[in-house]
Amino acid sequence: MNFIGIDLHTNKFTCCYRNEHSPVDNPKNGREIKTFNLTEDGLTAFYQTLTSDTYVLVEATITTFSFVRLFKDRVKEVIVANTYELKQISHARCNTDKIDADILCRFLKAQIISGEQFITNVFVPSKEIQDLRSYFTTYRLLKKQNVQLKNRIHRY
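Scoring rules and cut-offs
Residues numbered from 1 in each chain as written. Predicted model: local features only at pLDDT ≥ 70, side-chain atom pairs only at ≥ 80, totals over all residues. Heavy atoms only, no water. Pairing = 2+ DSSP bridges. Helix = DSSP H or I, 4+ residues; strand = E, 2+ residues; numbered from the N terminus. Axes fitted to C-alpha atoms, helices over the stretch in contact; angles between N-to-C directions. Contact = heavy atoms within 4.5 Å. Expected span 1.5 Å × (residues − 1). Buried < 20%, exposed > 50% of the residue type's maximum accessible area, 1.4 Å probe, protein only. Arc of directions from axis to C-beta. Parallel < 35°, antiparallel > 145°, perpendicular 65-115°, else oblique. Left-handed = near helix turned anticlockwise from the far one by under 90°. Nonpolar A, V, L, I, M, F, W, Y, C, P; charged D, E, K, R; others polar.

1. Concerning the sheet that holds strand β5 (residues 77-81)
Working definition: the strands of a sheet are paired by backbone hydrogen bonds and lie parallel or antiparallel to each other.
Thinking step 1. Across the sheet, five strands lie side by side as β3-β2-β1-β4-β5; this open sheet has mixed pairing. Strand pairing shows two members of the sheet lacking a second neighbour, β3 (32-37) and β5, which therefore form its edges. Here the average twist between neighbouring strands, direction ignored, is 20°.
Thinking step 2. Pairing of strand β1 (residues 2-8) with strand β2 (residues 12-19) involves seven bridges; the strand directions are antiparallel. When the sheet's bridge partners are listed, Ile-6 is paired in β2 with Cys-15.
Thinking step 3. Packing against the sheet, helix α1 (residues 40-47) makes contact with β1, β2 and β3, and its axis sits at approximately 150° to β3.

2. Side note on helix α4 (residues 97-114)
Thinking step 1. Its 18 residues give α4 an end-to-end C-alpha distance of 26 Å, which sits within 8% of 26 Å, the value for a rise of 1.5 Å per residue.
Thinking step 2. Every buried residue of α4 is listed here: Asp-100, Ala-101, Asp-102, Ile-103, Leu-104, Cys-105, Leu-108, Lys-109 and Gln-111.
Thinking step 3. Just past α4, the residue Gly-115 takes up positive phi, approximately 85°.

3. Topic: helix α2 (residues 64-71)
Thinking step 1. The set of residues buried in α2 consists of Thr-64, Phe-67, Val-68 and Phe-71. Along the axis of α2, the buried positions cluster into a sector of 95°, meaning they face one direction only.

4. Examining the packing of α1 against α2
Thinking step 1. The N-to-C vectors of α1 and α2 enclose an angle of 55°; their axes lie 11 Å apart at closest approach. Here α1 lies oblique to α2, going by the angle between them. For the element pair α1 and α2, the recorded crossing hand is right-handed. Contacts between α1 and α2 involve Leu-43, Phe-46 and Tyr-47 on the former and, on the latter, Phe-67, Leu-70 and Phe-71.
Thinking step 2. A per-class count over the contact of α1 with α2 returns six nonpolar, no polar and no charged.

In short, shape yes, function no, at least from these values alone.
Here is the structure:
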């Protein structure tokens, strides 16, 4: 079994890799950290690190759903974590991408090996539902801008 914790950003992502034999209590022992760009070359390099017995934990952000859709068929399980359940990361003294990815990876490994559920999986809607949500959000934004523009015109 392999475990990957991913700290996702808009143009890159940092991965922490651990296997079932690496110790959870020693953060630096048995881990490998890599950073990939969100480009075709970066994703190709990332795909080469995935196996069918890999578990992945990604923190929920705006781009998480579309990112997970890119590789969810290549791994055993993908867990999208609710950010409010991961407050330990935000309370760390030194917040870096590598540390965040490592903490996510250790949480994931502890959850899978122990069988206890520390982190609940965020529901990932289908592509059609995501598109409908996007369209509705765009519609609401356009209506709001329309009202603002009319109010601006009537002000003079």
